[in-house]
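Residues per chain, in single letters:
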Amino acid sequence: MGASDAIRTAVRHVVPPAGLTRALAVQAMVYAVGHGLFQAGSAVFFTRALGLSPAQVGLGLSLAAGVSLLGTVPLGALTDRYGSQGVWLVGLLVEAALFASYPFVGGFAGFLAVVAALAVVDAATGVARQVYSINVLPPEERVTALAYQRSSLNVGFGLGAVISGVVLALDTTAAYRGMVWFNGAMLLVTAVFVGRLPRVLPGQPGSTQRASRLAVFRDRPFLAVALLSGLLGSHGTLYLVVLPLWMLSHTDAPRALIAALVLLNTVLAVLLQVRASRGADTTTGAARALRGGGLLIALFCLVLPLSAVTDGVVTVGVLVAAAVVLTLAELVQSAGMWGITSTLPPAAHRGAYVGAFRLGGQLQYLVAPAGLTALGVSTGGWGWFPLAALFAVAALAAVPLVEWAARRPRLGEATPEPERVTPVP
């Protein structure tokens, strides 16, 4: 393959094909520019512009996460009842309004009200966005389209982070307020994109659709897969929390390497996410992807401790190698997760099931930061070995668990797709 062929191949795996897949990827990038900007500067906005203490910010965000956790499945059920596109569009508009109000928040109570409302709305729109992509596309295109969206999200987050550097350099209340309003404006632009997507209307109600929208909690095989996927999804906590803490406390690597590894993760996600999603569009392929992602995390847990006994350039090399392995785990595991949510949920209750599936990830965010840090960092290094064993066992359990879930009787099995695509007039 010549250089030009290699370039064309690389571009094809970054730039989505024309049509609905590209439209979904573009809206994802627009959305991520605003959110990337806000996430990079939010801590300073909360403390400098709103006058909150770090303790108040942390408490407010934790309480908001708890509210979102409790409401994920009921909010997902809204998608089944009212249609994914409608819930997604209304959620974006409400989010824009909430961000517009942020600079006028007075005191901790006002901050808590806004941040909790944002967490609830974001949970609803997150489910609706994924369900829309699943329902509007043919089965063989769903995982690839979600991979393109993930790649575009990383591009958008990167652009937003770059813009945040200007805001932080200005370091004025007006700049921080402008940052928040810019995010609100990007949400409105995203809403315009969503409104122009093909209409997806709620399907006709059927007898099986009258079953409880919370029946997913009785689907033990599916919940087991969701919890397992949540555990394997702890690659994010490992990369953004545990790896930097390990570097600072147990290696001689320069601090600047932390930012370089975050950039490396973003670049690899943009370039490789679509390739990593190959074969994950079936239940069997998704199960194998979950297994592969878990085994890669286990390998990361064995490679990283080596950086504690090396020096200089060798340490940097080991850390880069560990970061690459963990990034590959993220890309493969994400593809497996999309494959599972595309194939296992019953069509008529896909919103509730996607919401339940996300519970595993949310529980991971509550438990993993403290647990993984305690084992991986606070033990001095030996804790990485039981962690490697844990992820290896979880990886090997993925295929039989998914097979168990695939054999179960499904709620509303005979019900047709709950939404149907119609041309935009």
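Source: prediction; values computed, not measured. Within any chain, residue numbers begin from 1 and follow the written order of that chain's sequence. Residue-level local features of this predicted model are given only where pLDDT is at least 70; pairs of side-chain atoms are given and counted only at 80 or more, and the full residue set underlies all totals for whole chains, interfaces and linings. The side-chain values count all of the structure's non-hydrogen atoms but skip hydrogen atoms and water molecules.

### Brief notes about the overall build of the protein
When its secondary structure is counted, the protein shows 14 helices and two strands. For the protein, buried positions account for 51% of its 425 residues. Here a residue-residue contact requires only that any non-hydrogen atoms of the pair lie within 4.5 Å. If you take every contact in the protein between residues at least 6 apart in sequence, the share linking residues at least 24 apart comes to 87%. To qualify as a helix, a DSSP run of H or I must reach at least 4 residues; to qualify as a strand, a run of E must reach at least 2; elements of each kind are numbered from the N terminus. Burial classes: relative accessible area under 20% of the type maximum marks a residue as buried, over 50% as exposed, and values in between as partly exposed (1.4 Å probe, protein chains only).

### A look at the packing of aromatic side chains
Between the rings of Phe, Tyr and Trp (Trp by its six-membered ring), a pair exists once the centres lie within 6.5 Å; its type follows the angle of the planes, with under 30 degrees stacked, over 60 edge-to-face, and the other angles tilted. Considering all chains together, one arrives at 16 aromatic pairs under this definition. Centroid distance Phe45 to Phe46: 5.7 Å. Interplanar angle 55°. Geometry classified as tilted. Judged by relative accessible area, which is 4%, Phe46 ranks as buried. Look at Phe222 and Tyr353: their rings are 4.8 Å apart centre to centre, the planes differ by 65°, and that puts the pair in the edge-to-face class. With a gap of 131 residues between them, Phe222 in helix α8 (residues 220-232) and Tyr353 in helix α13 (residues 350-378) connect regions that are remote in the sequence. Residue classification places Phe222 among the buried residues on the basis of a relative accessible area of 0%. A relative accessible area of 2% means that Tyr353 is categorised as buried. One aromatic cluster in this structure is built from Phe38, Phe45, Phe46, Phe99, Tyr102, Phe108 and Phe111.

### A closer look at the nonpolar core
If you look at the biggest cluster of nonpolar residues, it comprises 54 residues, and the most contacted ones within it are Leu238, Phe300, Cys301, Leu304, Ile340, Trp384 and Phe391. For this core, the elements supplying multiple residues, two or more each, are α3 (54-82), α8, α9 (235-250), α10 (256-276), α11 (283-303), α12 (312-343), α13 and α14 (384-407). Here this core gets nine residues from one element, more than from any other, and that element is α14. Leu238 has contacts with Leu243, Pro244, Ile297, Phe300, Leu326, Leu372, Trp384 and Phe391, leaving out every residue within four places of it along the chain. Throughout this description, the term nonpolar core refers to a set of buried Ala, Val, Leu, Ile, Met, Phe, Trp, Tyr and Cys residues connected via side-chain atoms within 4.5 Å. In terms of nonpolar packing, the next biggest core, distinct from the first, is built from 42 residues, Leu92, Ala96, Leu118 and Ala119 among them.

### Focus: the side chain of Ser277
On the secondary structure map, Ser277 appears in the loop between α10 and α11. A relative accessible area of 4% means that Ser277 is categorised as buried. Those residues in contact with Ser277, other than ones at most four positions away along the chain, are Val143, Thr144, Ala147 and Ala335.

### Some thoughts on the packing of α11 against α12
Helix-helix packing: each pair is described by the crossing angle between the helix axes and the interaxial distance. At a minimum axis separation of 7 Å, α11 and α12 run at an interaxial angle of 160°. With respect to α12, the element α11 is oriented roughly antiparallel. In this structure, the crossing between α11 and α12 has a hand that is left-handed. Helix axes use the C-alpha atoms of the stretch in contact, all axes being lines fitted to C-alpha atoms, and the angles between their N-to-C directions lie in the range 0 to 180 degrees. Oblique is the label for any angle not covered by the other classes, which are roughly parallel (under 35 degrees), roughly antiparallel (over 145) and roughly perpendicular (65 to 115). Helix crossings fall into two classes, left-handed where the near helix is turned counterclockwise from the far one by less than a right angle and right-handed where it is turned clockwise.

### Regarding helix α6 (residues 139-170)
To estimate how far a helix should extend, the number of its residues minus one is multiplied by 1.5 Å. Taking 1.5 Å of rise per residue, the 32 residues of α6 would be expected to cover 46 Å, and the 48 Å separating its terminal C-alpha atoms lies within 8% of that figure. A positive backbone phi angle near 50° is found at Asp171, which sits one or two residues after α6.

### Some thoughts on a nonpolar patch on the surface
Without a salt bridge and with relative accessible area above 30%, a residue can belong to a patch; like charges are then joined within 9 Å and nonpolar side chains (Val, Leu, Ile, Met, Phe, Trp, Tyr) within 5 Å. Methods summary: accessible areas were calculated by the Shrake-Rupley approach with a probe of 1.4 Å, and residue burial reflects only the protein chains presented. The salt bridge criterion pairs a side-chain nitrogen of Lys or Arg with a carboxyl oxygen of Asp or Glu, the two atoms within 4 Å. Nonpolar side chains collect at one region of the surface, where Leu227, Leu363, Leu366 and Val367 lie side by side and expose about 370 Å² of accessible area between them. Ranked by residues supplied to the nonpolar patch, first place goes to α13 with three residues. In this structure, Val367 sits in helix α13.

### Thoughts on the confidence of the model for the protein
Put simply, the protein has an average pLDDT of 86, and 90% of its residues get 70 or more. Taking the mean pLDDT of every element in the protein, the minimum, 46, falls on strand β2 (residues 419-422) and the maximum, 96, on α11. Confidence per residue, as judged by the predictor, is encoded in pLDDT with a range of 0 to 100. Low pLDDT, under 50, characterises residues 414-425; the stretch is placed with 41 contacts to residues that sit more than four places away or in other chains.

### Description of α13
Across its 29 residues, α13 extends 41 Å between first and last C-alpha, which sits within 8% of the 42 Å expected from 1.5 Å per residue. Bending is quantified residue by residue as the angle between axes fitted to the seven-residue window ending at that residue and the seven-residue window starting at it. At Ala368, α13 shows its largest bend, some 45°, and a proline, Pro369, comes one to four positions later. Just past α13, the residue Gly380 takes up positive phi, approximately 90°.

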